[in-house]
Amino acid sequence: MRAFSAGRLLMLAALGLLLAASANAQALNSGAWQVVTKESAPEYTGKGCAWDGWTGAERKGGKSIIRWLPADHDKDRGKPVKFILLFGDPDDAGAWYKREDAALDWFSCTGDGQWEFYVETAADVGELVDLNSAGHYRIWVAVEYEDKSRLPFDGRGFITITEYNDDTRKSLSPCAVRLPGDYTWDEKNSSHPGNTTDAHGKVSADGFNVVMKSGAKPFGGVLSPNPNWAGARKPTGAAVIKFPAALDDKVGGKAVKFLLFFGGDKAECGVDHASTLAWFECRGEGQWDWYLEVGSAVRQVYDPNAGKYRVWVAVEYQNGKRLPFYSGSFPVTETSVDTAKLDANCVKLPEDYDWDAPPVVDNPILDAAMKPYIDGLVMAAYWVDLHADAKAGQVWETRSKMSGIEYTQKRQVAALRNGKVIVEETSSMAGMGYVLAYEIDPARKAEDHVNVLRAWIGKPGGKPTEIKVMVYKDPGADTTANTDWTMTTTSEPFKDLEVAGAPWSGAKTTTTAKHKNGKDWMETVVWLADDGLFNRAVKMTTKGNSSGYAYEMTTDLVSCSAGGKPWLKWD
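Because the structure is predicted, anything quoted here is derived from the model rather than measured.

Moving on: the overall build of the protein. Along the protein, the regular secondary structure elements total six helices and 32 strands. Over its C-alpha atoms the protein spans a radius of gyration of 26 Å, differing by no more than 12% from the 25 Å that the globule rule assigns to 571 residues. In terms of principal-axis extent, the alpha carbons of the protein reach across some 75 × 75 × 40 Å. When burial is assessed residue by residue, the protein has 50% of its 571 residues classed as buried. Within the protein, residue pairs in contact and separated by at least 24 positions form 73% of the contacts whose partners lie at least 6 positions apart.

Two strands pair when backbone bridges link them, and strand β28 (residues 485–499) and strand β29 (residues 502–515) are joined in this way by 13 bridges, in the antiparallel orientation. Residue pairing across strands places leucine 497 opposite tryptophan 504, the latter belonging to β29. Between β28 and β29, which pair antiparallel in sequence order, lie two residues; one of them, alanine 500, sits at a positive phi of approximately 55°. Note: β29 against strand β30 (residues 521–529), nine bridges, orientation antiparallel. Within β30, the position partnered with threonine 511 by the bridge is threonine 524. Here β29 folds back onto β30, and the loop between the two strands holds five residues, one of which, glycine 518, carries a positive phi near 80°.

Quick look at the sheet that holds strand β17 (residues 300–303) now. With mixed pairing, the four strands of this open sheet are ordered in space as β20-β14-β17-β21. The two strands at the open ends of the sheet, each matched to only one other strand, are β20 (332–334) and β21 (347–348). Note that strand β14 (residues 239–242) and β17 share four bridges and pair antiparallel. Counterpart to isoleucine 241 in the pairing with β17 is valine 301.

With respect to the element layout, alanine 238 can be found in the loop between β13 (232–234) and β14. The spacing of alanine 238 and valine 384 is 146 residues in sequence and 44 Å in space, taken between C-alpha atoms. Leave out the neighbours within four places in its chain, and alanine 238 touches Tyr302, Asp303, Pro304, Asn305, Glu334, Thr335 and Val337.

Residues of β17 alternate between two faces, with Gln300 and Tyr302 on one and Val301 and Asp303 on the opposite face, all of them buried. Bridge count between β17 and β21: two bridges; the pairing is parallel. Bridge assignment links tyrosine 302 to a residue of β21, and that residue is lysine 348.

The tally for this structure, following the rule as stated, stands at 35 aromatic pairs. Each ring, one from phenylalanine 83 and one from phenylalanine 153, has its centre 5.3 Å from the other, and the planes form 55°; the classification is tilted. With phenylalanine 83 in strand β4 (residues 80–88) and phenylalanine 153 in strand β8 (residues 150–153), this residue pair connects regions lying 70 residues apart in the sequence. Residue class for phenylalanine 83 comes out buried when judged on its relative accessible area of 1%. Between the NZ or CZ atom of arginine 322 and the centre of the ring of phenylalanine 280, over which it lies, the distance is 5.2 Å.

Inspection of the entire model under this criterion finds 27 salt bridges. Of the charged contacts, one joins lysine 539 and aspartate 556 as a salt bridge, the two residues approaching to 3.1 Å between their closest N and O atoms. Here lysine 539 is found in strand β31 (residues 537–546), whereas its partner aspartate 556 is found in strand β32 (residues 549–561), with 17 residues between them in sequence. For aspartate 556, a relative accessible area of 25% puts it in the partly exposed group. When salt bridges that share partners are traced, they join Lys257, Glu293, Glu316 and Arg322 into one network.

As for its position among the elements, threonine 511 is in strand β29. Of the polar contacts made by the side chain of threonine 511, one reaches the side chain of threonine 489; its length is 3.5 Å.

We now examine the sheet that holds strand β27 (residues 465–467). With respect to topology, eleven strands assemble into an open sheet ordered β27-β26-β25-β24-β23-β22-β32-β31-β30-β29-β28, the strand pairing being antiparallel. Each having just a single partner strand, β27 and β28 make up the two edges of the open sheet. For this sheet, the mean angle separating the axes of adjacent strands, direction not counted, is 20°. Its contacts with the sheet place helix α6 (residues 364–374) against β25 (435–440), β26 (452–458) and β27, and it is angled at close to 155° to β26.

Attention now moves to the confidence of the model for the protein. Scored by pLDDT, the protein has a mean of 86; 90% of the residues are at 70 or more. Across the protein, the secondary-structure element scoring lowest on mean pLDDT is helix α1 (residues 6–24), at 33, and the one scoring highest is β27, at 97.

Look at the link from phenylalanine 330 to proline 331: it is a cis peptide, with omega at -5°. Within the fold, proline 331 resides in the loop between β19 (322–324) and β20. If you check the backbone angles, aspartate 389 has positive phi at about 60° while not being a glycine. Position of aspartate 389 among the secondary structure elements: in the loop between α6 and β22 (395–402). Note on aspartate 389: relative accessible area 56%, which makes it exposed. The backbone of asparagine 418 sits at a positive phi, close to 55°, despite the residue not being glycine. Mapped onto the elements of the fold, asparagine 418 is located in the loop between β23 (405–417) and β24 (420–427).

Glancing now at the state of the cysteines. What makes a disulfide is a covalent bond joining the sulfur atoms belonging to two cysteines. Summed over the entire model, instances satisfying the criterion amount to zero disulfides. Just so you know, cysteine 49 is unpaired, no disulfide at all, and the nearest cysteine sulfur is the one on cysteine 109, 15 Å from it. Free cysteine cysteine 282: the closest other cysteine sulfur is in cysteine 269, separated by 11 Å. Taking the relative accessible area as the measure of exposure, cysteine 282 reaches 1% and is therefore buried.

About the cut-offs
Residues numbered from 1 in each chain as written. Predicted model: local features only at pLDDT ≥ 70, side-chain atom pairs only at ≥ 80, totals over all residues. Heavy atoms only, no water. Helix = DSSP H or I, 4+ residues; strand = E, 2+ residues; numbered from the N terminus. Rg over C-alpha atoms; globule rule 2.2 N^0.38 Å. Buried < 20%, exposed > 50% of the residue type's maximum accessible area, 1.4 Å probe, protein only. Contact = heavy atoms within 4.5 Å. Pairing = 2+ DSSP bridges. Phe/Tyr/Trp six-rings, centres within 6.5 Å; stacked < 30°, edge-to-face > 60°. Lys NZ or Arg CZ within 6 Å of the ring centre and 35° of its normal. Salt bridge = Lys/Arg side-chain N within 4 Å of Asp/Glu carboxyl O. Polar contact = N/O pair within 3.5 Å; in protein donor to acceptor, adjacent residues only side chain to side chain. Axes fitted to C-alpha atoms, helices over the stretch in contact; angles between N-to-C directions. pLDDT = per-residue confidence, 0-100. Disulfide = S-S within 2.5 Å.

What follows is the structure, encoded as structure tokens:
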């Protein structure tokens, strides 16, 4: 249980609190929504809004999809920033929406006849799914603008309720609000964080990032599929890809970056929700294993190579919203290139890169992130969890969620050399896109404390640079044991736990810690699979209380596969 020691659990708890404070201070990102319960709802002190015609819509039962239209920019109040969904009993709620004082109570979740929660959504979310067969209620929608004012959103004209079935399900947005069974909220279904900008590190207006498939983050924003998003064909020979500036979006704000996706000549991008999401996450059919993020001031990408392909351009806005970026006249690929006349901030791809791997490009942000390792200021861990029977190509990806913020970690067995195992690791938490690699002695046991013999760092697709490994120091007799906490551990078997599309069996271990102050506590549950890879944990949950703040964290296995290719060049 090295990977889940008490010290690390306390560290994760503190990190969860930090991220919670950060998340609460931010506006809702594209596609985001969150539930506010009566216990946690802040008192609303703004101006009450009332209107006789704000009657809402009545949902009488049956599996339903509730939809409302986007809100327009207001010349006096600014752009819409969120919707507020209010629920109440159809008979007991009365005509609260006709009185400003009653609206104040409802926005504080203390209204007469009101359900004990409301939902806030980003301004580009417009769907709610209720799969409960029962449930008779009325729903009202309000819109909040940049100046914090809230106005009724006309329920008669803007809210529709349709049956949820196989046909309507196909057009449902992945960001739709999903009411849980029996309307009981829990961590799993009480929020959707949406898509955050700068997922792979900040992109300056004239800069760029290379994002490889292994480090691509999940996309949680609203999708806008369009079968006409045909992209542009690059013929044989050197070419420059050109596209214009993007206009501001009434919900998303200013354009902050462009995304260039590459694929084969017959690849299709953006024909529906599923394919658009796949390409945004770098797993589209026929898509290359990397894509480019370029700054909002970039208008050109120059490729000196001879290969043919197609390229699609998307634009991302301040709140994380993404849209296909195209028309009948852009993007274009021009083969008559005078390199002396390229823009000063033109992104230039290197010559002769491997088409099945990302190009290794000069990136000051990535270089700066790697430098502390190369200079020996930061060192690699001396222990990395490894499973039995390691085989080249085994890939293991987990996704963690802390206070609505998600990050992913991938590890893979890159090679077996002279009885040792080479493991590569990348994480979206670092946000920089580098790869760490370790040479591990599989014969070492936990009591040996050290199993990493050598370590490296490198850019995806590039050659590794050897870095230092931390030196293990025997703590000797522990004379500073923390007696403020009491810890207990129990274990029981589990069978056929469905994670990442497969059933797993193994041991479920629960560790609880209680502080002597009687208030602070923590509980961690880990599901260790018998045939799991690396640390074998297919699921982990941590929750607790620290100094009056409740926190919760989950980690789940996302995928487990064979046939992976090394991310670094070892030849």
